[in-house]
Amino acid sequence: MHSTARLAHPLPATRLQILARGSSATPLVAPRRYASNVVSELPTSPSTRYLKSIYDFSVNTQSAATKNTIALGDEYLLPVYARPPFVLSHGRGSWVWDADGRKFLDFSAGIAVNALGHADPGVSEVLQQQSSTLLHTSNVYYNEWAPKLAELLVTLTNKEGGLGYAAGGTSPSSSAAKQGAKVFFSNSGTEANEGALKIARKVGKDRWATATGGKVDDPSCPKMRIVCFENSFHGRSMGALSVTSTEKYQTPFRPLIPGVSVGKLNDLECLHRLITDDTCAVIVEPIQGEGGATAATEEWLRALRTRCDETGAVLIFDEIQCGLYRSGNLWAHSALPIDCHPDVITMAKPLANGYPIGAVLLRDTIASTMTAGTHGTTFGGSPTACAVGHHVLNRLSDRVFVAHMKEMSGYMNGRLEVLPKWFSAILQPHVRGRGFIRGLGFNDVSHPGEVVQLARERGVFLLTAGKDAVRLVPSLNVTKEEVDIAMDVLEGCLSSLRG
């Protein structure tokens, strides 16, 4: 069932056949019915099915078309990515094929983006319908889908918890926030974080002026500092990069924006020193993605919320990678008590399953500072992006879908949890993350990159995270059979490392 032959498929179907499979004949919103009680007993020893590579990526295995595409990219694309030497041509579900016929199980999901997998027929149909109806209008005018998607984000948060709403509640936790929440749409996660930081800066000026009797536009206002945390990743534009505290990203572009202080995730003692009356914003990932799949503790998030309240700082949760059900709930903080919740949530990656979109979700008490002209975007909130986002979010929030995802992520976690016992000389003792954002920490920092390469040679895509981890972020509709293949391959890679 899990032999290497499973991965060696015939040459890929043509694009015409792919389009035909995803045509409008496919029901648009009919929910997929998932089998229940499919989880079986966990294995008692590492799989030996994938001890050897099945794919050779040397130049002499490349077709002329692949060589030409890579040469064209080398000539005309800015060389900011170190890509493996093959060209992806199409995908379906959790699988992708390259132009030379190799098939891969994608447990990277476009870096935690393709929640519904590749070439999803429902997403394809919405794209086709909306793009042929009204593709782009700008925000000078209303369109049908932006308000609908904003409403869905707020009502789901109200129901499932987050941003001051208790799970199953009907109103925010404090009377000051009782009016609800607002949404601003952007094109990416980086833009969402930039918008959140910008809004927090304005709120800081408002609060300082109210407290001191000063003017909001007084350049001497000291409430402009921002706090972030080690191993964070918030984006690559100058503002977001300034709060992405990783040397390799920041060093070539310094000086960055001033007034940024860096703390350590889950360090309680640093909070009082870091967050002061001059702090306007604190930004943190409840589960770090690029930084190593490390989760913030409930105790620490509660202390962080308390300190922000004491100083009047706006608390921003960057849930771009961990939010929208990847952790098992709508938000990574949804199930936490309301005294751990933020003022602002940023999101992007899975919201439209790969179509570019980002969003800022913020309490009304924060949103009230923004008026016409204080922020904007040309492409954000387009009818096409929001129509796709509305379709995707409706499907992700379906109770049957969520139950299946929790069952599969629980099964995958069961298989991951035994690996540090089997490979104790290689792996750190604890599996990181939650749901379908998981990380394996390695004792040797050279090993994560090697494991990603070994897995690729065995037909599975994984990602590194931080300096010492391998990250697994599959599509949220992944099946048990696919989890088993990925885990068997991972065990084969670890066995190869062990020698």
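Residues numbered from 1 in each chain as written. Predicted model: local features only at pLDDT ≥ 70, side-chain atom pairs only at ≥ 80, totals over all residues. Heavy atoms only, no water.

## Here we look at the overall build of the protein chain
Scanning the protein chain from N- to C-terminus turns up 16 helices and 15 strands. Counting the 499 residues in the protein chain, one finds 53% classified as buried. Residue pairs in contact within the protein chain that sit at least 24 positions apart in sequence constitute 75% of those at least 6 positions apart. Element-wise, carbon and sulfur atoms account for 56% of the exposed surface of the protein chain, whose accessible area totals about 21800 Å². (Helix = DSSP H or I, 4+ residues; strand = E, 2+ residues; numbered from the N terminus. Buried < 20%, exposed > 50% of the residue type's maximum accessible area, 1.4 Å probe, protein only. Contact = heavy atoms within 4.5 Å. Areas by Shrake-Rupley, 256 points an atom, 1.4 Å probe, with all protein chains shown as cover.)

## Looking at the sheet that holds strand E1 (residues 88-92)
Reading across from one edge, E1-E2-E3-E13 is the order of the four strands in this open sheet, with mixed pairing throughout. The open sheet is flanked by E1 and strand E13 (460-461), the only strands paired with a single partner. For strand E2 (residues 95-98) and strand E3 (residues 103-106), the ladder comprises three bridges, and the chain directions are antiparallel. The partner of Trp-95 across the bridge, within E3, is Leu-105. (Pairing = 2+ DSSP bridges.)

## Details of the packing of helix H15 (residues 447-457) against helix H16 (residues 480-498)
Put simply, H15 and H16 touch, their axes get as near as 9 Å, and they point 125 degrees apart. Taken as axis vectors, H15 and H16 run oblique relative to one another. As H15 packs across H16, the resulting crossing turns out to be right-handed. Contacts between H15 and H16 pair His-447, Glu-450, Val-451, Leu-454 and Ala-455 from the former with Val-489, Leu-490, Cys-493, Leu-494, Ser-496 and Leu-497 from the latter. Among the residues making up the contact of H15 with H16, the classes are represented as eight nonpolar, two polar and one charged. (Axes fitted to C-alpha atoms, helices over the stretch in contact; angles between N-to-C directions. Parallel < 35°, antiparallel > 145°, perpendicular 65-115°, else oblique. Left-handed = near helix turned anticlockwise from the far one by under 90°. Nonpolar A, V, L, I, M, F, W, Y, C, P; charged D, E, K, R; others polar.)

## So, the packing of helix H5 (residues 145-160) against helix H12 (residues 383-396)
Working note: a packed helix pair is described by the angle between its axes plus the distance between those axes. In contact at an axis separation of 8 Å, H5 and H12 are set at 30 degrees when each is read in the N-to-C sense. Once H5 is placed against H12, the crossing between them reads as left-handed. Residues Trp-145, Ala-146, Lys-148, Leu-149, Leu-152, Leu-153 and Leu-156 of H5 form the contact with H12, whose participating residues are Pro-383, Cys-386, Ala-387, Gly-389, His-390, Leu-393 and Asn-394. Across the contact of H5 with H12, the residue classes tally to 10 nonpolar, three polar and one charged.

## Concerning the pairing of strand E11 (residues 427-434)
Looking along a regular strand, one sees the side chains alternate between the two faces of the sheet. In this structure, E11 lies alongside strand E12 (residues 437-442), joined through five bridges in antiparallel fashion. Bridge pairing links Leu-427 to Phe-442 in E12. From the end of E11 to the start of E12, which pair antiparallel, there are two residues, and Gly-435 there has a positive phi angle of about 60 degrees.

## Overview of H5
When the terminal C-alpha atoms of H5 are compared, their 22 Å separation across 16 residues agrees well with the 22 Å that a helix rising 1.5 Å per residue should span. If you check which residues of H5 are buried, you get Trp-145, Ala-146, Leu-149, Ala-150, Leu-152, Leu-153, Val-154, Leu-156, Thr-157, Asn-158 and Glu-160. Structurally, H5 contributes buried residues whose contacts are with helix H4 (121-131), strand E4 (181-186), strand E9 (344-347), strand E10 (358-363), H12 and helix H13 (399-417). Positioned one or two residues after H5, Gly-161 has a phi angle of 105 degrees, which is positive. (Expected span 1.5 Å × (residues − 1).)

## Side note on the confidence of the model for the protein chain
For the protein chain, per-residue confidence averages 91 on the pLDDT scale, and 90% of positions sit at 70 or higher. Contacts for the low-pLDDT stretch residues 1-33, under 50 throughout, to residues beyond four places or in other chains number 62 contacts. (pLDDT = per-residue confidence, 0-100.)

## Some words on the sheet that holds E9
Strand pairing in a sheet relies on backbone hydrogen bonds. The paired strands run either parallel or antiparallel. The strand order E4-E10-E9-E8-E7-E5-E6 describes an open sheet built from seven strands, whose pairing is mixed. Across the chains shown, the open sheet's two edge strands, defined by having one partner strand only, are E4 and strand E6 (260-263). Here the average twist between neighbouring strands, direction ignored, is 20 degrees. Bridge count between E4 and E10: six bridges; the pairing is antiparallel. Its bridge partner being in E10, Lys-182 is matched across the sheet by Leu-362. Here helix H10 (residues 298-311) sits on the sheet and contacts strand E5 (225-229), strand E7 (279-284), strand E8 (314-318) and E10; the angle it forms with E7, its principal contact strand, is near 165 degrees.

## Looking at empty space enclosed by the protein
Counted under the stated rule, the structure contains one cavity of 30 Å³ or more. Volume-wise, the largest cavity comes out at about 30 Å³. Together, His-136, Thr-137, Ser-138, Asn-139, Thr-378, Phe-379, Gly-380, Gly-381, Ser-382 and Pro-383 line the largest cavity. Split by residue class, the lining of the largest cavity holds two nonpolar, eight polar and no charged. (1 Å grid on protein atoms, 1.4 Å probe; cavity = no way out; pocket = protein on both sides within 12 Å on 5 of 7 lines; lining within 4 Å. Points joined across faces, edges and corners; volume = space filled by probe spheres on them.)

## Re the packing of aromatic side chains
One pass over the full model with this rule turns up nine aromatic pairs. Note on Phe-86 and Phe-461: the rings are 6.0 Å apart at their centroids and 15 degrees apart in plane angle, and the pair reads as stacked. Separated by 375 residues along the polypeptide, Phe-86 in the loop between helix H2 (64-76) and E1 and Phe-461 in strand E13 bring together distant segments of the chain. No difference in accessibility class separates Phe-86 from Phe-461, as the two residues are buried. Look at Phe-104 and Phe-461: their rings are 4.7 Å apart centre to centre, the planes differ by 25 degrees, and that puts the pair in the stacked class. Within this pair, whereas Phe-104 is found in strand E3, its partner Phe-461 is found in strand E13, the two being separated by 357 residues in sequence. What makes Phe-104 buried here is its relative accessible area of 0%. Phe-461 gets classed as buried once you look at its relative accessible area, which sits at 11%. Counting every residue linked through ring pairs, the aromatic cluster contains Tyr-55, Phe-57, Phe-86, Phe-104 and Phe-461. Here the guanidinium or amino end of Lys-103 rests over the ring plane of Trp-95, the centre of that ring lying 4.2 Å away. A cation over a ring is seen here: Lys-148 above Trp-145, with NZ or CZ 4.6 Å from the ring centre. (Phe/Tyr/Trp six-rings, centres within 6.5 Å; stacked < 30°, edge-to-face > 60°. Lys NZ or Arg CZ within 6 Å of the ring centre and 35° of its normal.)

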